[in-house]
Amino acid sequence: MNEAAKTLDGWYSLHLFYAIDWTSLKTVPEDDRSTMINEFKTFLEGLETVHNNKEGSHAFYNITGQKADLMLWFLRPDVKQLNALENEFNKLDISDFLIPTYSYVSIVELSNYLAGDSDEDPYENPHVKARLYPEVPRSEYVCFYPMDKRRDGEDNWYMLDMDHRRSLMRSHGLIGRSYAGKVKQFITGSVGLDDYEWGVTLFSDDMLQFKKLIYEMRFDEVSARYGDFGAFYVGNILNIDELDTFFQLN
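Since we're looking at a predicted model, the values are computed, not measured.

Draft legend 1. Here's a closer look at the UniProt feature "active site" (unreviewed entry) in the chain. Here, UniProt's "active site" (unreviewed entry) annotation points to Y145. Mapped onto the elements, Y145 comes out in strand β5 (residues 141–149). Judged by relative accessible area, Y145 falls into the buried class, the value being 5%.

Draft legend 2. How the structure looks around the UniProt feature "binding site: Fe-coproporphyrin III" (unreviewed entry) in the chain. Under the local residue numbering, the UniProt record ascribes the feature "binding site: Fe-coproporphyrin III" (unreviewed entry) to R131, Y145, P146, M147, D148, K149, H172, Q185 and S223. Taking the farthest pair of C-alpha atoms as the criterion, the annotated set spanning 93 residues is dispersed, since that pair is 22.7 Å apart. R131 gets classed as partly exposed once you look at its relative accessible area, which sits at 45%. Discounting residues that sit within four places of it in the chain, R131 has contacts with V108 and L110.

Draft legend 3. Representation of the pattern of salt bridges in the model. On inspection of all chains with the given rule, the structure shows 7 salt bridges. Its salt-bridge partner being R225, residue D155 comes within 2.5 Å of it at the nearest N-O pair. Highlighted residues: D155 in strand β7 (residues 155–156) and R225 in the loop between α7 (221–224) and β10 (227–229), separated in sequence by 70 residues. Residue D155 is classed as partly exposed on the basis of its relative accessible area, which comes to 24%. Residue R225 is classed as partly exposed on the basis of its relative accessible area of 31%. Residues E221 and R225 are paired through a salt bridge, measuring 3.4 Å at the closest nitrogen-oxygen approach. When salt bridges that share partners are traced, they join D155, E221 and R225 into one network.

Draft legend 4. Local environment of the environment of K67. Checked against the element boundaries, K67 lands in the loop between β2 (57–63) and β3 (70–76). Accessibility expressed as a relative area gives 41% for K67, which makes it partly exposed. In this structure, the C-alpha to C-alpha distance between K67 and Y233, residues 166 residues apart in sequence, is 7.5 Å. With residues near it in sequence (within four places) discarded, K67 still touches T101, A231, F232 and Y233. Reaching out from K67, the side chain makes a polar contact with the backbone oxygen of F232 at a distance of 2.6 Å.

Draft legend 5. Focus on the side chain of T188. Inspection of the secondary structure puts T188 in strand β8 (residues 184–189). In this structure the side chain of T188 is engaged in a polar contact, spanning 2.9 Å, whose partner is the side chain of S106. Ignoring sequence-local partners within four residues, the contact set of T188 consists of S13, W73, S106, I107, V108, E109, E197, W198 and G199.

Reading the values: the criteria
Residues take numbers from 1 onward in each chain, read along the sequence in its written order. With pLDDT at 70 or above as the cut-off, local features in this predicted model cover only qualifying residues; side-chain atom pairs require 80 or more to be listed or tallied, and sums for whole chains, interfaces and linings still use all residues. With hydrogens and water excluded, all non-hydrogen atoms of the structure serve as input to the side-chain values. UniProt positions are given in the numbering used here, feature names are shortened, and annotations may be inferred rather than shown by experiment. Labels follow the DSSP assignment, with helices taken as runs of H or I lasting at least four residues and strands as runs of E lasting at least two, numbered in each case from the N terminus. Burial classes follow relative accessibility: with a 1.4 Å probe on protein chains only, a residue under 20% of its type's maximum area counts as buried, one over 50% as exposed, and anything between as partly exposed. Pairs of residues are marked as contacts when any of their non-hydrogen atoms sit within 4.5 Å. In what follows, salt bridge is the name for a side-chain nitrogen of Lys or Arg lying within 4 Å of a carboxyl oxygen of Asp or Glu. Polar contacts, as used here, are pairs of N or O atoms within 3.5 Å; protein pairs need one atom able to donate a hydrogen and one able to accept it. Residues neighboring in sequence count only if both atoms are side-chain atoms.

Dropping the structure here:
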């Protein structure tokens, strides 16, 4: 049996995607819609308080295309808090007009593929802690996709020994690091938690960088030979003060 990669695990993660039922929303009187949006703003302001207190984090984006209209990404110390947060959101009046289209459950992780030898407790390393319990950036654009490592005949990632996998991941990681300052990447592990094995969430102020990064990685063996990908979701940030305009119907 090959050696399994060990992981450091941080905050629990929940991506939620919704389509807006604009047809039904148009039947709601303007004053009631305004009350509904203000309630939603209060919810988002509560999330911002948690983010500022570094007790969790979140992202809120308008998704481009017909897969969804909205993405909410929640990060919390345990899954019970994610459940409570999702239930709180579902009880908002605006949720009556949101149609769930996709969700993804995972946990922020770092693997030992690229870790150096050290006797220190990695959870006390400031750099490691910042990656396991991140402050999600307020970048202009987001890209999310789930992925698997292939298990198909000769192209079976899990049949490779640790040294081979570590070498491949080192090369793969160099591509990602070449986009430092252009793209911020978060890897969340979901083996046993959702249908894919990992979720990848990217942030940038230039959406074109997503295309460049992912295209370049396609030529790396880790992706070209061993990567299988789910649907891609991209969109732009939605700030609280933009909600009135976003939901304006007349």
